[in-house]
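# Inside the fold
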Amino acid sequence: MSLAIITLYLILLILLGVFSGRILRLTGGDYFLASRGIGSFMLLMTLFGTTMTAFAMIGSTGETFERGIGVYGLMASWSGIVHSAIFFLIGARIWAFGKKYDYVTQISFFRDRYQSDALALLLFPIMVGLVLIYMLTGVIGAGRILESTTAETWSLRGRMTAVALASRPADLQIPDAWKDRLRHDTEVGQLVLDGSIAPKRKPVLLKFSASPEWKKAVEELFQKAPAGALPYWAGMVLTCVVVLFYIFCGGLRAAAWANTLQNIISVGVGLIAFLVITHAMGGPAKATELLAQSPASNRMAREGLISRTEFLTYFFIPLSVAMFPHLFQHWLTARRASSFKLTVAAFPVCILLTWLPCVLIGMWAAGVLPHGTPSNAVLGIMISRYSGEFLTGLIGAGVLAAIMSGLDAQFLCVGSLFTHDIVQRYVAHRRLGEREQVFLGRVFVVIVVLISVLIGWLNPKSVFDLGVWCFTGFAALSPLAFAAVYWKRSNWQGALACVLTAAALWLYFLRQALDTSGAEAFLLAGGVMPVTLILAASTAALVIVSLLTPPPDPALVARFFPPKNAA
Amino acid sequence: MKWIVALLVVLLIVLHQDFWWWDDRRIVLSFLPIGLAWHAGISVAASVVWWLAVKTWWPAFLDQEADPACPPPQKAPSDKNSGGETT
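The residue numbering used here restarts from 1 in each chain and proceeds along that chain's sequence as written. For naming, the first written chain is A and the first written ligand is 1, with later ones following in the order written. The predicted origin of the model limits local features to residues at a pLDDT of at least 70 and limits the giving and counting of side-chain atom pairs to 80 or more, whereas totals for whole chains, interfaces and linings rest on all residues. Hydrogens and water molecules were not included; the side-chain quantities draw on all heavy atoms of the structure.

### With respect to the overall build of chain A
- Going along the chain from the N terminus, every DSSP run of H or I of four or more residues is numbered as a helix, and every run of E of two or more is numbered as a strand. Regarding its fold elements, chain A presents 22 helices and three strands.
- Radius of gyration here is computed from C-alpha atoms only, and the compact-globule reference equals 2.2 Å multiplied by the residue count raised to the power 0.38. Its C-alpha atoms give chain A a radius of gyration of 25 Å, within 12% of the compact-globule value 24 Å for 567 residues.
- Taking the principal axes of the C-alpha coordinates as reference, chain A spans close to 90 × 55 × 40 Å.
- Partly exposed residues are those whose accessible area sits between 20% and 50% of the maximum for their type, while under 20% is buried and over 50% is exposed, using a 1.4 Å probe and protein chains only. Within the span of chain A, comprising 567 residues, buried residues form 63% of the whole.
- Between two residues, a contact is recorded if the distance between any of their heavy atoms is within 4.5 Å. If you take every contact in chain A between residues at least 6 apart in sequence, the share linking residues at least 24 apart comes to 86%.

Right, here's the structure in full:
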């Protein structure tokens, strides 16, 4: 049932891709920039959908489960302040440059602004690498959510799972409904289950007997028995194929439509999920009371879970939106600069609507789920545990909608970076038609997506931690965006120094984190986030090198900073 | 007014560091830990502050700078029209 609802939703997205492809003008401008015709509401929806990904839904729930309510302050309320500032100070101005000089990608803007091919060639692998990590959070999240919301899709009857249970507990009472699936084989001393079983059935089975031997056998049974769910790898592949399909059919216009649809669905369904889970837990007051009485009650505050310096220095993480290449491309789709107004004002409340229910579910989960539950699985487990199959499918589709609304922009952006900044510029300038260039971009996207699926399959990490490292990299590059828009004296040498410093320090700290704690939150002395140091160093490199080298050509400065009376 | 908006942004950043609720597990509205309620309030306040910024500080010249065919920016009363654009 759950899988059927999710499949229906995926078919709807495929149809949307076909439909937008039919009315698409099939020019590069429409495929990559939706003909720069996106108005206020759709711009808000696309920018919101692009930034609220698996990180916001699955990452926030899992991280709150482990570190408590402070996670909202770390990311959501900081982002409400900083994201809007970036859209206000950078986004609208970048849109104006893009419209004036016909930019399609972020790298083409920086190449032109600093007149440097070296800078563009250095930025390309860094941007693709960071977007790949961002993609990975979505791909892993999609695999996990499909796996945890589709349990018992396949009954797998005839497949037996046996665990040791020497003697039948005296008080064991297996209800009639379970007798054809669950039995105790007295001769060999085993508890035997026929077919698949969803993790949410565990509390039901535990009630059949109060003996400790029974509890131990049930725990073991759930570890060994198949869940009958869509496999993790298949969920990742299915999601990527659907997103690739509607992107390939309709480009950024399809992504904008899909994001609008997906945001409405994910916010609506998120609200339903929140209400259903809350109701099933006995109401919000009861759910909070359960947590307050549990050993995990410290999740209701921050002491011992998050340090004050970490809380403060998380401020720098949302600066990453200034350098997201996929967001940059969405900025360029706006019909006019004033289209940004609604986004600037409404963004913090949109973040609140997505994050608050997820943080509350993660907080309540700490009171009912066992310590050590994998953080990426917390949301899926809570959904399937507290809702029926129909709602599980509906909620699963809603979470998937949020994840896919981020993935589509990332896929399209990687393709356009390759097409515009490598193929058109260095490989096939004036030799390939627009269709051939788009085709090459698609091939590149498929390769990058395959790499991310492969990494997600072989080495799944915490979605939250992956996201934070990815944002650290982008945030460390943000001085480049501010200087390009506001600092006339910045030059290509300074820009190059900024990027090199950010990349080198990011790699250094990531390596240290991998060595010490498996890419999990890694803090400097005093609880300072590494982004603080990397950002300070990249800013210093930009300023010092720019001032020590010759100023940019006055004609170049005049292009980007026209005198007020000439504007 | 611009300076008031700038001060409000700084105030938001300061209020975000709510060390006074750091280890406070009090519940408001019968289910919401006070630290979380405070930060939800920060999000709402951020929307109000950025709405004020858009109303008072918006670089209205950008549309014309990007496309000279665009009509020049007008004074405050007509600015309401550009803000009301829909798809």
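There is more to say, and it comes next.
### What to know about the overall build of chain B
- Helix and strand counts for chain B stand at four helices and two strands.
- The helix and strand sequence of chain B, counted from the amino end, reads α-β-β-α-α-α.
- Counting every position in chain B, which comprises 87 residues, the buried fraction comes to 37%.
- Pairs at least 24 apart in sequence give 47% of the contacts found in chain B among residues at least 6 apart.
- Note on areas: Shrake-Rupley with a 1.4 Å probe; residue coverage comes only from the protein chains shown. Total accessible area computed for chain B in this model is approximately 5,000 Å², and 70% of it derives from carbon and sulfur atoms.

### What to know about the interface of chain B and chain A
- Taken residue by residue, the interface counts 44 residues in chain B and 56 residues in chain A.
- Any carboxyl oxygen of Asp or Glu within 4 Å of a side-chain nitrogen of Lys or Arg constitutes a salt bridge here. Where chain B touches chain A, the interface holds one salt bridge.
- Put simply, A:Arg302 and B:Asp18 hold a salt bridge, and the shortest N to O gap is 2.7 Å.
- Pairing of N or O atoms within 3.5 Å defines a polar contact, subject to two protein rules: one partner must be a possible hydrogen donor and the other a possible acceptor, and residues neighboring in sequence count only if both atoms are side-chain atoms. In this assembly, chain B and chain A are joined by eleven residue pairs in polar contact (both at pLDDT 80 or more).
- Under the grouping applied here, Gly and all other residues not named as nonpolar or charged are polar, the nonpolar ones being Ala, Val, Leu, Ile, Met, Phe, Trp, Tyr, Cys and Pro and the charged ones Asp, Glu, Lys and Arg. Along the lines of polarity and charge, the residues of the side of chain B that touches chain A split into 24 nonpolar, eleven polar and nine charged.

### Describing unusual backbone geometry
Residue and element names in this part refer to chain A.
- The phi dihedral of leucine 156 is positive, around 55°, even though this residue is not glycine.
- Tracing the backbone shows leucine 156 in the loop between helix 7 (117–149) and strand 1 (160–164).
- The class for leucine 156 is partly exposed, based on a relative accessible area of 30%.

### Topic: the pairing of strand 2 (residues 182–185) of chain A
Residues and elements named next belong to chain A.
- On strand 2, burial follows the alternation: Leu182 and His184 on one face are buried, whereas Arg183 and Asp185 on the facing-out side are not.
- For two strands to be treated as a pair, DSSP must find at least two bridges joining them. Relative to strand 3 (residues 190–194), strand 2 is paired through four bridges, and the arrangement is antiparallel. Looking at strand 3, one finds that histidine 184 is bridged to leucine 191.

### Some points on the pattern of salt bridges
Residues and elements named next belong to chain A.
- This structure, assessed with the given rule, holds 15 salt bridges over all chains.
- Note that arginine 67 and glutamate 63 form a salt bridge whose closest N and O atoms lie 3.5 Å from each other. On the criterion of helical spacing, the pair formed by arginine 67 and glutamate 63 is a turn pair, its members being four residues apart in helix 4 (residues 54–67).
- Under the relative-accessibility criterion, arginine 67 is labelled buried at 13%.
- A salt bridge links arginine 425 to aspartate 117; its shortest N-O distance comes to 3.2 Å. With a gap of 308 residues between them, arginine 425 in helix 17 (residues 389–427) and aspartate 117 in helix 7 connect regions that are remote in the sequence.

### Some remarks on the sheet that holds strand 2 of chain A
All names here are of chain A.
- The strand order 1-3-2 describes an open sheet built from three strands, whose pairing is antiparallel. In this open sheet, the two strands that pair with only one neighbour each are strand 1 and strand 2. Adjacent strand axes in the sheet meet at a mean angle of 25°, parallel and antiparallel pairs treated alike. Note on geometry: axes are C-alpha line fits, over the in-contact stretch for helices, and angles between N-to-C directions span 0 to 180 degrees.

### Brief notes about the domain arrangement of chain A
- Start and end positions for the domains come from either an automated domain assignment or a database one. Partitioning chain A into structural domains gives domain 1 (2–149 + 233–560) and domain 2 (156–221).
- Relative placement of domain 1 of chain A and domain 2 of chain A: their C-alpha centres are 44 Å apart.

### Things to note about the packing of helix 7 of chain A against helix 19 (residues 463–486) of chain A
Residues and elements named next belong to chain A.
- For the pair helix 7 and helix 19, interaxial distance at closest approach is 9 Å and the crossing angle is 155°. In terms of their interaxial angle, helix 7 and helix 19 are classed as roughly antiparallel. For the element pair helix 7 and helix 19, the recorded crossing hand is left-handed. Residues Leu123, Ile126, Met127, Leu130, Val131, Ile133, Tyr134, Leu136, Thr137, Ile140 and Gly141 of helix 7 lie in contact with helix 19, whose contacting residues are Val463, Leu466, Gly467, Cys470, Phe471, Gly473, Phe474, Leu477 and Leu480.
- Considered class by class, the residues forming the contact of helix 7 with helix 19 number 16 nonpolar, four polar and no charged. Working rule for angles: under 35 degrees goes down as roughly parallel, over 145 as roughly antiparallel, 65 to 115 as roughly perpendicular, anything else as oblique. For any helix crossing, the convention is left-handed if the near helix is rotated counterclockwise from the far helix by under a right angle, and right-handed if that rotation is clockwise.

### A short note on the packing of helix 5 (residues 70–101) of chain A against helix 14 (residues 325–332) of chain A
All names here are of chain A.
- Following both chains from N to C, one finds helix 5 and helix 14 inclined at 65°, their axes separated by 8 Å at the closest point. Two packed elements cross with a definite hand, and for helix 5 against helix 14 that hand is right-handed. On the side of helix 5, the interface is formed by Ile86, Phe87, Ile90, Gly91, Ile94, Trp95 and Gly98, while helix 14 contributes Leu327, Phe328, Trp331 and Leu332.

### Regarding a nonpolar patch on the surface
All names here are of chain A.
- Residues Trp233, Val237, Val241, Leu454, Trp457 and Leu458 make up a contiguous nonpolar surface patch of about 640 Å² in total accessible area.
- Within the residue set of the nonpolar patch, elements represented by two or more residues are helix 11 (232–280) and helix 18 (434–458).
- Tracing the backbone shows tryptophan 457 in helix 18.
- What makes tryptophan 457 partly exposed here is its relative accessible area of 48%. Patch membership is restricted to residues that have no salt bridge and whose relative accessible area is over 30%. Joining uses 9 Å for like charges and 5 Å for the nonpolar side chains Val, Leu, Ile, Met, Phe, Trp and Tyr.

### Brief notes about the nonpolar core
Residue and element names in this part refer to chain A.
- Ranked by size, the top nonpolar core spans 197 residues in total, and within it Phe110, Trp331 and Trp355 carry the most contacts.
- The greatest single-element share of this core, amounting to 19 residues, is contributed by helix 7.
- Look past the residues within four positions of tryptophan 355 in its chain and what remains in contact with it is Met52, Phe55, Ala56, Ser60, Val71, Tyr72, Met75, Ala76 and Phe464. Here, the term nonpolar core denotes a set of buried Ala, Val, Leu, Ile, Met, Phe, Trp, Tyr and Cys residues that are joined through side-chain atoms within 4.5 Å.

### Topic: the pairing of strand 1 of chain A
All names here are of chain A.
- Burial of the side chains of strand 1 is restricted to one face: Thr161 and Val163 are buried, whereas none of Met160, Ala162 and Ala164 on the reverse face is.
- Bridge count for strand 1 against strand 3 is five bridges, and the pairing is antiparallel. Each residue of the ladder has a partner; that of methionine 160, found in strand 3, is aspartate 194.

### Examining the side chain of A:Thr150
Residues and elements named next belong to chain A.
- Note that threonine 150 resides in the loop between helix 7 and strand 1.
- On the accessibility criterion, threonine 150 (0% relative accessible area) is buried.
- Here leucine 146 takes part through its backbone oxygen, which lies 2.5 Å from a polar atom of the side chain of threonine 150.

### A look at the packing of aromatic side chains
Residue and element names in this part refer to chain A.
- Geometry of aromatic contacts follows a simple scheme: Phe, Tyr and Trp rings, the Trp one being its six-membered ring, pair when their centres are within 6.5 Å, and the pair is stacked under 30 degrees between planes, edge-to-face over 60, tilted otherwise. Here the structure, examined in full by the defined rule, presents 31 aromatic pairs over all chains.
- With a centroid separation of 5.8 Å and an interplanar angle of 85°, the aromatic rings of phenylalanine 48 and phenylalanine 347 are classed as edge-to-face. Taken together, the residues phenylalanine 48 in helix 3 (residues 40–51) and phenylalanine 347 in helix 15 (residues 340–368) connect sequence positions 299 residues apart. Of the two residues, phenylalanine 48 and phenylalanine 347, neither departs from the other in class, the shared state being buried.
- With centroids separated by 5.3 Å and ring planes inclined at 70°, the aromatic side chains of tyrosine 508 and phenylalanine 509 adopt a geometry described as edge-to-face.
- Classification of tyrosine 508 as partly exposed rests on a relative accessible area of 46%.

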